[in-house]
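Chains, contacts and geometry: an overview
Listed below, chain by chain, are the residues.
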Amino acid sequence: MCQVQGMSQAPRKQGAMCADPHSNRADDTTIPGYHQAHGDEPTTERTAHSKGTHMSSAADPCDRESFFNLGLDMMCVTDADGRFVAVNHAWSDALGVPEQQLLGARFLDFVHPDDQESTVAAAAAALQDDLPTFTNRYLNATGEEIVIQWRSKVHGEYIYAIARDITAEVAERNQSAHKQAAHEQLFAVLRQGVVYQDSTGTLIDANPAASTILGLTRDQLLGRTSMDPRWRTVKSDGRPLAGAEHPAMVSLRTGEPVRGFVMGVFHPDSEAVHWIRVDATPMFDDGSPTPTRVYTTFTDITDERNARDAAQRALMDLRMRVQRDVITSLLSREAFTEELAELLHAGTQLGKFVAVLYCDVDGFKHVNDAMSHSAGDELLRRIADRMVSVLGSRAIAGRFGSDEFVAAVPRVADTTAALEVARKLREAIGNTDFLIEGRRVRTTLSVGVALAETGKSADTLIREADTALRHARQRGRNRQAVFSDALQLAADRRVTLTATIRGHMRTGHIHPWFQPIVNLHTQTVVGFESLARLTPEGAAPVPAREWIDVAEISGLLPSIGAGLLEESIGFLAGLPPQVWLTVNASASELADPGYDELLIDLLTFHEVSPQRLFVEITEQVFLDAKDPAHDLLHRIHEAGVGLLLDDFGTGYASLTHLLRFPATGIKLDKSFVEGITEPENAAHALAKGLGDMCRTLQLTTIAEGIETAAQSVAVTAAGWQHGQGMLFGDAQPAELASRVATTQQRTHS
């Protein structure tokens, strides 16, 4: 780098701007071509003329200095040897060299070494052209590189130049070029397909990923429009997708972006559909009211779609398998309820009754305890076979619980005929010696009978038969009762209990208690279930199972539920932020169109994230709920609150609902947990199958009723994430439950 101190200096007059351009001719090498343009040696006439021209300016140094320094651009005069004979302050500022030191110095001494040869050539060209423009790099006094753009004009023996520092402009252009190069590189390596289309929908650019995903080369893509009949595209449901419905065309037509549109594309000469998720964004030129281009990105989701379809097929297959009880091959609760509804419809048209018989195997627990669970399963199979043979081909039968069977007999004339069917069934079972594992086993049935009347639903009829069964069992084993007798008893009790519940509502004796839910892998409390408790003053709390049904039937549950919900969310607000809560919702609560608003308002008021709350729903809710309630469940889910299917596996939680509703998790019924420690027990295999299914569907899983460490280990091995039951603790008041959570947090912090 040329240092200022090493520059050759020429004697000059005082004042940088007033140096006589003719008084300091140097003997250094002149700019090539100068003397060829003006003669071998300057003649006296040309010299005199030149002196006359320039000296007239030099004669008034103040005018020339004022003129030079008025300009914002860099201005200078050099002789034929390229030495400065006049400069303004802009040159001095740019090079960082005082004006006095610049005078007499060669301008080439400041030019970047790599640009010196081209600069000499450009200076020589200035002698042949009028006002040529040239750009080169200079080094200032600190060694920094600056870029100068200049124009020059030869006049007499001197070269006049005006220049400007364009370093910042060049840097900006370079940065823009780097950005463009980076964009082009990103465009080329993106795994997403990217295409640009003009206002007609014609493709004007596409990246390599677009070619791969669409099965066409870039040349085949460019020039093709979305309306081209060669495209074979379908909607997400498989129906044909017209070109006008392509996201790009919709975006061009509406001026609005299209997000997350799923469509299928067939490659040329292929019948395999490739699924893509598309985003289209319109682009507008300045002042244009309509899009002039559209920018479309898309991702190949074929594998994702195929995996989802496979999971749905597996779910449907599992649903078909669990429509039948795995032990007896009788109908599951869901399948039985559906077929009973069809029988009721047909019976109404024929003017005949349908009788429902709810049966319980007396002393079944003794068989399990005295022999084994496998023996119990075998006894259930034998009883089921005997029931089917007695009832005949027109009847349907299902297994609802561990030792509960339900049958429906169509075309029954009256109550007497229905009771006769029940008697025959009890006799057939009670008079049979079942050979189980080499031992003779005899048992009996208790039966509750309900007869369909006009307007009764399948679920109502089942519930009435169950009520009759309870009354039959109160009188002992091997008994039967008809619902008409039990109905009055239940009604009397309901009136009494309803009055009691109303009194406790007025005195504030109904509160939520909270049972812990643990992570089965870490054995730490991660959540709680809110359970209603009636807490009379001076008496033990009454569990919800003893009064909640009466509250539901009496229409009191929505009011009770609102209070419980407010207390529960207030409790949740005081827990560590990683702890969540589940609350139960009944059909009557979900029938209130404002339930979701109440839920969200309470979460907002207490500043609780919706993701920390789950609403538990049983199949009964789905069966009783109308379409508005279904819409409400979707709104709750969209707000971020989770939905859990409760009592899963008993028939109350249907696999169908996993397809129809936005469930985020399930709770395995305790009846599965009871037998899960025995690998040969069907409960073990089904629990594992359900666990695998839930993992595929990314559902939250909770196993209920865990009472022993062995059950906890077995449930964990079956793939269930969380557990709940007496092993981990019973429900407690809010103060005690909160203490459990906060104590655990301090222990693990």
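Residues numbered from 1 in each chain as written. Predicted model: local features only at pLDDT ≥ 70, side-chain atom pairs only at ≥ 80, totals over all residues. Heavy atoms only, no water.

**Here's the deal with the packing of helix 14 (residues 373-391) against helix 15 (residues 415-430)**
Basically, it comes down to this: Axis lines are fitted through C-alpha atoms, for helices just across the contact stretch, and the angle between N-to-C directions can take any value from 0 to 180 degrees. A run of H or I in DSSP counts as a helix once it spans at least four residues, and a run of E counts as a strand once it spans at least two, with each numbered from the N terminus. Roughly parallel covers angles under 35 degrees, roughly antiparallel covers those over 145, roughly perpendicular covers 65 to 115, and oblique covers all other angles. We call a crossing left-handed when the near helix sits turned anticlockwise from the far one by less than a right angle, and right-handed when that turn is clockwise. Here, residues are in contact when the closest pair of their heavy atoms is within 4.5 Å. Each residue is assigned to one of three groups, with Ala, Val, Leu, Ile, Met, Phe, Trp, Tyr, Cys and Pro labelled nonpolar, Asp, Glu, Lys and Arg labelled charged, and all others, Gly among them, labelled polar.
With their axes 10 Å apart at the nearest point, helix 14 and helix 15 run at an angle of 140° to one another. Here helix 14 lies oblique to helix 15, going by the angle between them. As for the relative orientation of helix 14 and helix 15, their crossing is right-handed in sense. Only Val421, Lys424, Leu425, Ala428 and Ile429 of helix 15 make contact with helix 14, whose side of the interface consists of Ile383, Arg386, Met387, Val390 and Leu391. When grouped by side-chain class, the residues that make up the contact of helix 14 with helix 15 number eight nonpolar, no polar and two charged.

**Here's the deal with helix 14**
Just so we agree on the cut-off: To estimate how far a helix should reach, multiply one less than its number of residues by 1.5 Å. Only protein chains enter the accessibility calculation, which uses a 1.4 Å probe. A residue is then buried if its area is under 20% of the maximum for its type, exposed if over 50%, and partly exposed in between.
Here helix 14 contains 19 residues, and its C-alpha end-to-end distance of 27 Å stays within 8% of the 27 Å for a straight helix at 1.5 Å per residue. Buried residues of helix 14: Ala375, Gly376, Asp377, Leu379, Leu380, Ile383, Ala384, Met387 and Leu391, and no others. Just downstream of helix 14, Gly392 is the residue with a positive phi angle, here 90°.

**A few points about the sheet that holds strand 3 (residues 133-139)**
Just so we agree on the cut-off: Pairing between strands is defined by DSSP: at least two bridges between the two strands are required.
Reading across from one edge, 2-1-5-4-3 is the order of the five strands in this open sheet, with antiparallel pairing throughout. Among the strands making up the open sheet, the edge pair consists of strand 2 (84-87) and strand 3. Mean inter-strand twist for the sheet, computed between neighbouring axes without regard to direction, equals 30°. Across seven bridges, the pairing between strand 3 and strand 4 (residues 145-155) is antiparallel. Directly across from Asn136, in strand 4, lies its bridge partner Ile148.

**Some remarks on the pattern of salt bridges**
Going by this rule: Whenever a carboxyl oxygen of Asp or Glu lies within 4 Å of a side-chain nitrogen of Lys or Arg, that contact is scored as a salt bridge.
Scanning the model with the defined rule gives 31 salt bridges in all. Arg137 is paired through a salt bridge with Asp115; the nearest N and O atoms lie 2.9 Å apart. Taken together, the residues span a long stretch of sequence, with Arg137 in strand 3 and Asp115 in the loop between helix 5 (99-102) and helix 6 (116-126) at a distance of 22 residues. Overall, the relative accessible area of 11% leaves Asp115 in the buried class.

**Structural notes on the environment of Ser671**
Using the following cut-off: Identification of polar contacts relies on pairs of N or O atoms within 3.5 Å, with a donor-acceptor requirement for protein atoms, meaning one able to donate a hydrogen and the other able to accept it, and with residues adjacent in sequence counted only if both atoms are side-chain atoms.
Here Ser671 is to be found in helix 25 (residues 670-674). Separated by 12 residues in sequence, Ser671 and Ala683 have C-alpha atoms that sit 8.2 Å apart. Within the local environment of Ser671, its side chain forms a polar contact with the side chain of Asp669, the two groups lying 2.6 Å apart.

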